[in-house]
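Commentary on secondary and tertiary structure
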Amino acid sequence: RAEGSVGEPAQQGRLLHTNAVASVAALKPDLCVSGGRDKSVTVCSWRSGAVLRRFLGHEREVTKVTSAHDSNRVFSASRDKTAVMWDLHGTPELRQCFTGHELVVTGLAVSPDASQLCTGSRDNSVCKWDTETGECLGRANISRNVVTHLCWVPGEPYIIQASEDKTIRLWDSRELRVAHTFPAKQHMQTCCDCSLDGRLCLSSSSGTAGEGAEATLWDLRQPRSCVCEYKGHSHTTTSCVFLPWGPSLPPTIATASWDSTVKLWDRDTAGRG
């Protein structure tokens, strides 16, 4: 919830897209951005449920959306092999297009100051871009590194990446090189997130019939083994996220799964809420 919104129910059941929604991200305290199979990127107010902006320009479905904190720049990735930057308060036309991947773009992370964008793809590559000029500042390829998700470490020049090769990688964005690879899991890694203090990383795994499908907590300061595992989903865990917390709330994470459930966990004990 946004600050000062205690007691206000979130709007539910509003149709923001004409087809399946693939990705959603926070934009402002009361705004979210989403993208989906209808090729559109939508900015919505959760308070009213109103669609404030709708951006059209991708030729195929949108796979990921993100934004930088306190920025009016919205970013989207697509199966059309491109990533795009949009201006929240500008014209509805795309402001910048980032072209260079050979397959669908499946990872998207923007630097805290919104000056650089990092993209990942099923073509086994990770690219870094200048958001103002659209220039590709670097490209790195790793065999079988099918990127599934990217996130930027707050306040640091590092990017966390999840892959179908069952690993989580920590990239140094300055040289676009792998700074560390976490111990491989038993299943493909589907998503990753970083805590606001930049100390912890969360990843989620594919799985079926009770095998795999866990979320894993990693310490970025001591990246030799996992800190904790969260087991309880029966099928692929598709998403994982650190939830905001404060003095009266314990640190909590949320996971979503193909088993049709969303689960809340105590971050430190793996107890389910």
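Residues numbered from 1 in each chain as written. Predicted model: local features only at pLDDT ≥ 70, side-chain atom pairs only at ≥ 80, totals over all residues. Heavy atoms only, no water.

1. Re the sheet that holds strand β17 (residues 189-194)
Reading across the sheet, the four strands line up as β17-β18-β21-β22 and stay open at both edges, with antiparallel pairing between neighbours. Of all the strands in the sheet, just β17 and β22 (226-230) have a single pairing partner and so form its edges. Sheet twist, expressed as the mean angle between neighbouring strand axes with direction ignored, is 20°. Both β17 and strand β18 (residues 200-205) contribute to a ladder of five bridges, which runs antiparallel. Across the sheet, the residue bridging to C194 is C201, located in β18. (Pairing = 2+ DSSP bridges. Helix = DSSP H or I, 4+ residues; strand = E, 2+ residues; numbered from the N terminus. Axes fitted to C-alpha atoms, helices over the stretch in contact; angles between N-to-C directions.)

2. Things to note about the pairing of strand β5 (residues 62-67)
Burial runs high along β5: six of the six residues are buried. Strand direction decides the pairing type here: β5 and strand β6 (residues 73-78), joined by five bridges, are antiparallel. When the sheet's bridge partners are listed, K64 is paired in β6 with A77. Connecting the antiparallel pair β5 and β6 is a turn made up of five residues, with D70 showing a positive phi of about 60°. (Buried < 20%, exposed > 50% of the residue type's maximum accessible area, 1.4 Å probe, protein only.)

3. Focus: the side chain of T148
If you trace the backbone, T148 turns up in strand β13 (residues 147-152). Filtering out sequence-adjacent residues up to four positions away, T148 remains in contact with K64, T106, A162, S163, E164, Q189, T190 and C191. (Contact = heavy atoms within 4.5 Å.)

4. A closer look at the environment of P250
Positionally, P250 belongs in the loop between β23 (237-243) and β24 (252-257). Separated by 145 residues in the primary sequence, P250 and V105 have C-alpha atoms spaced 35 Å apart. Other than its neighbours up to four places away in sequence, P250 contacts W245 and D266.

5. A look at a positive patch on the surface
A cluster of like positive charges, contributed by K39, R60, R79 and K81, occupies part of the molecular surface. Residue class for R79 comes out partly exposed when judged on its relative accessible area of 33%. (Patch = residues over 30% accessible without salt bridge, like charges linked within 9 Å, V, L, I, M, F, W, Y side chains within 5 Å. Areas by Shrake-Rupley, 256 points an atom, 1.4 Å probe, with all protein chains shown as cover. Salt bridge = Lys/Arg side-chain N within 4 Å of Asp/Glu carboxyl O. Lys, Arg positive; Asp, Glu negative; His and termini not counted. Charge placed at Lys NZ, Arg CZ, Asp CG, Glu CD.)

6. Overview of the confidence of the model for the protein chain
On average, residues of the protein chain score 90 in pLDDT, and 94% of them reach the 70 mark or higher. Confidence drops under pLDDT 50 across residues 1-10; counting only partners more than four residues distant or on other chains, this segment forms 14 contacts. (pLDDT = per-residue confidence, 0-100.)

7. Brief notes about the pattern of salt bridges
Tallying each qualifying case throughout the model produces 15 salt bridges. Notably, a salt bridge pairs D268 with R267, separated by 2.9 Å at the nearest N-O pair.

8. Focus on the UniProt feature "repeat: WD" (unreviewed entry) in the protein chain
Summarizing the sequence annotation, UniProt attributes the feature "repeat: WD" (unreviewed entry) to residues 55-96, 98-139, 147-181 and 230-266 in the numbering used throughout. Structurally, residues 55-96 comprises 0% helix and 50% strand, and the distance from its first C-alpha atom to its last is 13 Å. Annotated as 0% helix and 57% strand, the span residues 98-139 places its first and last C-alpha atoms 13 Å apart. (UniProt positions renumbered as here; feature names shortened; annotations may be inferred.)

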